[in-house]
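The primary structure of each chain is shown beneath.
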Amino acid sequence: MDKKGPKNVYGFAIGLTVCFDILCAGAITGVSMNPARSFGPALVGGHWVDHSAYWLGPLLGALVAVFVYDACLASKEKEGEK
């Protein structure tokens, strides 16, 4: 875990993310931000159109975050150790 980050803003950041998701994609997705929550109705209703976005989006976003962190922040930490 990165010890340099501020610990008192995590709840605020999560709240802003949820608010952003609801305001921007609420009308399109029915405000379902959880792939497990979206899977049940898709399974019962047989509506699988664009369902891959619920599964691939978080995985690809995590991969992008790893590469950005390694490229931007990890190199700064290594420089500080030298």
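Criteria and thresholds
- Numbers given to residues run from 1 along each chain, matching the order in which its sequence is written.
- The predicted origin of the model limits local features to residues at a pLDDT of at least 70 and limits the giving and counting of side-chain atom pairs to 80 or more, whereas totals for whole chains, interfaces and linings rest on all residues.
- Processing note: side-chain calculations cover all non-hydrogen atoms of the structure and skip hydrogens and water entirely.
- Where helices and strands are cited, they refer to DSSP runs of H or I of at least four residues and of E of at least two residues respectively, numbered from the N terminus.
- Partly exposed residues are those whose accessible area sits between 20% and 50% of the maximum for their type, while under 20% is buried and over 50% is exposed, using a 1.4 Å probe and protein chains only.
- All accessibility values rest on the Shrake-Rupley procedure with a 1.4 Å probe; residue burial counts only the protein chains present in the view.
- To obtain the arc, one takes the directions from the helix axis to the C-beta atoms.

Caption draft 1: Looking closely at the overall build of the protein. Secondary structure summary: the protein contains three helices and zero strands in total. Scanning the protein from its N terminus toward the C terminus, one meets helices and strands in the order α-α-α. When burial is assessed residue by residue, the protein has 9% of its 82 residues classed as buried. Total accessible area computed for the protein in this model is approximately 6800 Å², and 71% of it derives from carbon and sulfur atoms.

Caption draft 2: Structural detail: helix α2 (residues 35–45). Along α2, the residues that are buried comprise Pro35, Ser38 and Ala42. The buried residues of α2 occupy one face: seen down the axis, they fall within an arc of 65°. The exposed set on the far side of α2, more than 90 degrees from its buried face, consists of Ala36, Arg37, Leu43 and Val44. One or two steps after α2, the chain reaches Gly46, where phi turns positive at roughly 70°.

Structural measurements only, silent on function.
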